[in-house]
Structure formats: C-alpha cells, structure tokens
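Now for the letters of each chain:
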Amino acid sequence: MHDDPLPMAADQSLIEAVAAIRRGGLVGMPTETVYGLAADALNPAAVVRIFEAKGRPRFDPLIVHIADADWAWQIAEPSPRARKLAAACWPGPLTLVLKRQAIVPDIVTSGLDTVGVRCPDHFVARALIRTCGTPLAAPSANTFGRISPTTADHVREQLGERVDVVLDGGPCRVGIESTVLLPDPVPTILRPGGVTRERLEEILGEPVAVAGRSERASHLPQQAPGMLASHYAPRKPLTLRAPGEPWPTDPTVGVLAFREAPALPHVEVLSRSGDPAEAAMHLFACLRRLDASSAVRLMAELVPDAGLGLGINDRLRRAAGLG
Ligand code: TXA
Ligand code: MG
C-alpha cells in the first residue's frame, strides 16, 4: 500500500517482525488496547494462519489496522459520519465497521461486505504497519474465548511457538479492546470499549445505540461475533457479585473488586481511587492473576455502568459466561 524503506535505526526486533509479516508470518503486536496477533491483511494465506493459531471460527471477522487515517479509504468506503469519527478518534481505540473496498480479502471479513478498520494509538504498532507498507489484520492475541493479553509475556504464554515474533511495547495503556462502531445507517456500538458512548455522541452530535440494549439496534444483520456470551473467560468458574450482596468469607474464593476488597487471601483491586480508566487498564491482568492463583472459584463485582464502565462490565459479564 505504501512502500516505505525500513528506517535506518530500526530496532532489531522490528526488523524481524517486518520480515515475518512479509513472508506471511504472525507477529504479536502491542497496541494501546490489548496485544494483537497480526498478519498482512492483503495476504489471504497469512490471514488463515491467524485463525489457525487462535482456534478462531472463520465466521468471526478480523479488524484491519492501518498506520494513518488516510489509508482507511483504500480499504473501506467513507461516509460523513466515518470521516468525522476518524478525524476525532484516530489514532485511538475505535474500530469503524464500514462498506469494504474490493482489495480486502473475503477471509478477513468472513465474507461480509463490511470491514472493521482501526488506527491504533501505539508507536510500535504504527511503526510496524508503516514499515510493512500494508494494513495488518489482527484479533486480540489470545486463544479463542480466553482472556485478552495486555503484556508481551501474556502473548508468549498463550500462543508460544504459534507466533513468529512478539514485539514488546510494554503493558497496554487502555487495557480493554477498541469500541466497535457501526456508524451507518444508525450509529450503533457493536462492542463497547476504549472510546465511550458519551464521547461518540459528543463527536456525532446525535444518540448512539448499543447493540443488544436498544430497539434502535434491531436493524443489525448480525451481532458482532465478539459478542458471544462466553468470552474473555478464565479457566476457573467466575460469578458476578450482585449489587449489595456481601462478599464471601470462604478463603478459596478469589475476589476481583472495583475499589475495596474483603480481607481474603486471593484479592485483586481494579482501582483504589475508583478511576474507570485505571480499572480498565488492570482488568485482564487481574483476572489472569486470580486464574493462576490457588483460588478455586472467582467472584467479581461490576463497576458503575457509564463511560468506560460499559466496556469493563461487558467483559466481566462475558467472562462469567452471561453475555
Ligand atoms: O482493540 C482491539 O480492537 C484489538 C486490538 C488488537 O486492535 N482487537 C480485537 O480484535 O479486539 P478481536 O478480533 O478480538 O475483536 C474484533 C471484534 C469482533 O467482535 C468482531 O466480530 C468485530 O470486531 N468485527 C470485526 N469486523 C467486523 C465486521 N465487519 N462487522 C461486525 N463486526 C466486526
Ligand atoms: Mg478478542
């Protein structure tokens, strides 16, 4: 798409990652949301390897990552809302689901006539994409249905040899995945995430529906497959604490609390100051630690259901298998 030469001073791991992408391989790519498992989006054989490495069903379409907003219209058709949102939110944790251009292979979109496009707000991701000169298809770099990775180690632990190179960009700043938005004909959030509904409404100056929550979403042809009821799941059984319900006293229960936790041996607190952004950043790592602990079952509490809380609670409900 753009044939930039490798930067002279490129880090060795970046050079290896670019080489891996160019020969149709897979790269663990840091982004501001979670780590992605990236391949050349325009190379169908490379994209097939993503589905195989994750054990992901082929009906679940991938997001195409671009280095700059102006790449978007080579892959997808612009609309007035799409242009407005791209200008306001990219680079950033927003995926726009738009009519696709013919250049996008069927395997990326699961045969849909739309494609999810996003420009990640991470220096390493954009350097990788720009140097490869091609958009990169990337789902979260976890095995299908499991907890999303927010560090390079998480990627290595889950995918091991199945990924050619893992680029270490440090822990992810946002911590939950991008918001997936269908801007037309009615702006609808298919998956709540790093950009809040409130912010989208402010940018567009109109209401934004949330799929599964509003009759306005009834025009949807199908839900985003990432909306499966069980997803982001730990191996141990996880239940949600009902509002007002006392915390358990059983020491074999691992607790995921928002601000304050009971005195139990296995406890993780998302944000002592009650900051939703901090809570989102810690969410998946806390779940992983509890899953790796000697707790027998897990209990989590929901956070206030506004702003980033929408995305956090969506992940907690799905981690508990409740959709
Ligand atoms: O933050 C993120 O979005 C991360 C990082 C790596 O960019 N990626 C990510 O990808 O979460 P994945 O594959 O785990 O989730 C992508 C979601 C899925 O729910 C998928 O169904 C939805 O986006 N999606 C992708 N293309 C779509 C399309 N054309 N129509 C509807 N939903 C789509
Ligand atoms: Mg995922």
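Residues numbered from 1 in each chain as written. Chains lettered and ligands numbered in written order. Predicted model: local features only at pLDDT ≥ 70, side-chain atom pairs only at ≥ 80, totals over all residues. Heavy atoms only, no water.

1. Concerning the nonpolar core
Okay, step 1: Residues W90, L94, L96, L128 and L200 are the most contacted members of the largest nonpolar core, which totals 66 residues.
Okay, step 2: With residues up to four places along the chain from it excluded, the contact list for L94 reads L85, C89, V117, R118, S178, T179, L181, V195 and L200.
Okay, step 3: By size, the runner-up hydrophobic cluster in this structure holds 25 residues, among which are V174, I176, I312 and A320. (Core = buried A, V, L, I, M, F, W, Y, C linked by side-chain atoms within 4.5 Å. Buried < 20%, exposed > 50% of the residue type's maximum accessible area, 1.4 Å probe, protein only. Contact = heavy atoms within 4.5 Å.)

2. Some points on the pattern of salt bridges
Okay, step 1: Throughout the structure, instances matching the rule amount to 17 salt bridges.
Okay, step 2: Among the ionic pairs, R118 bridges to E32, the shortest N-O distance being 2.8 Å. Remark: E32 occurs in the loop between β1 (27-29) and β2 (36-40) and R118 occurs in strand β5 (residues 114-118); sequence separation between them is 86 residues. In terms of burial, R118 and E32 fall into one category: buried. (Salt bridge = Lys/Arg side-chain N within 4 Å of Asp/Glu carboxyl O. Helix = DSSP H or I, 4+ residues; strand = E, 2+ residues; numbered from the N terminus.)

3. Digging into the confidence of the model for the protein
Okay, step 1: Put simply, the protein has an average pLDDT of 92, and 92% of its residues get 70 or more.
Okay, step 2: In this model residues 214-219 is a low-confidence stretch, pLDDT under 50, and it forms twelve contacts with partners more than four residues away in sequence or in other chains. (pLDDT = per-residue confidence, 0-100.)

4. Considerations on the side chain of H266
Okay, step 1: On the secondary structure map, H266 appears in the loop between β12 (253-257) and β13 (267-269).
Okay, step 2: Other than its neighbours up to four places away in sequence, H266 contacts P251, V253, G254, V255, L290, S293, S294 and A295.

5. Points about the pairing of strand β4 (residues 94-99)
Okay, step 1: A large share of β4 lies buried, amounting to five of its six residues.
Okay, step 2: The pairing of β4 with strand β8 (residues 179-182) spans three bridges and is classified as parallel. Residue pairing in the sheet places T95 in a bridge with V180 of β8.
Okay, step 3: Looking at chain direction, β4 and β5 are connected through four bridges and run antiparallel. Counterpart to K99 in the pairing with β5 is T114. (Pairing = 2+ DSSP bridges.)

6. Details of unusual backbone geometry
Okay, step 1: Omega for the bond connecting W90 with P91 falls within 30 degrees of zero, at -10°, which places this linkage in the cis form.
Okay, step 2: Cis geometry is found at the peptide bond from D184 to P185, where omega equals 0°.
Okay, step 3: Assignment of secondary structure puts P185 in the loop between β8 and β9 (188-191).
Okay, step 4: Not every positive phi belongs to a glycine, and S110 is a case in point at roughly 55°.
Okay, step 5: The topology assignment puts S110 in the loop between α5 (106-109) and β5.
Okay, step 6: A positive phi angle is found at Y232, which is not glycine, with a value near 55°.
Okay, step 7: Checked against the element boundaries, Y232 lands in the loop between β10 (209-210) and β11 (238-241).

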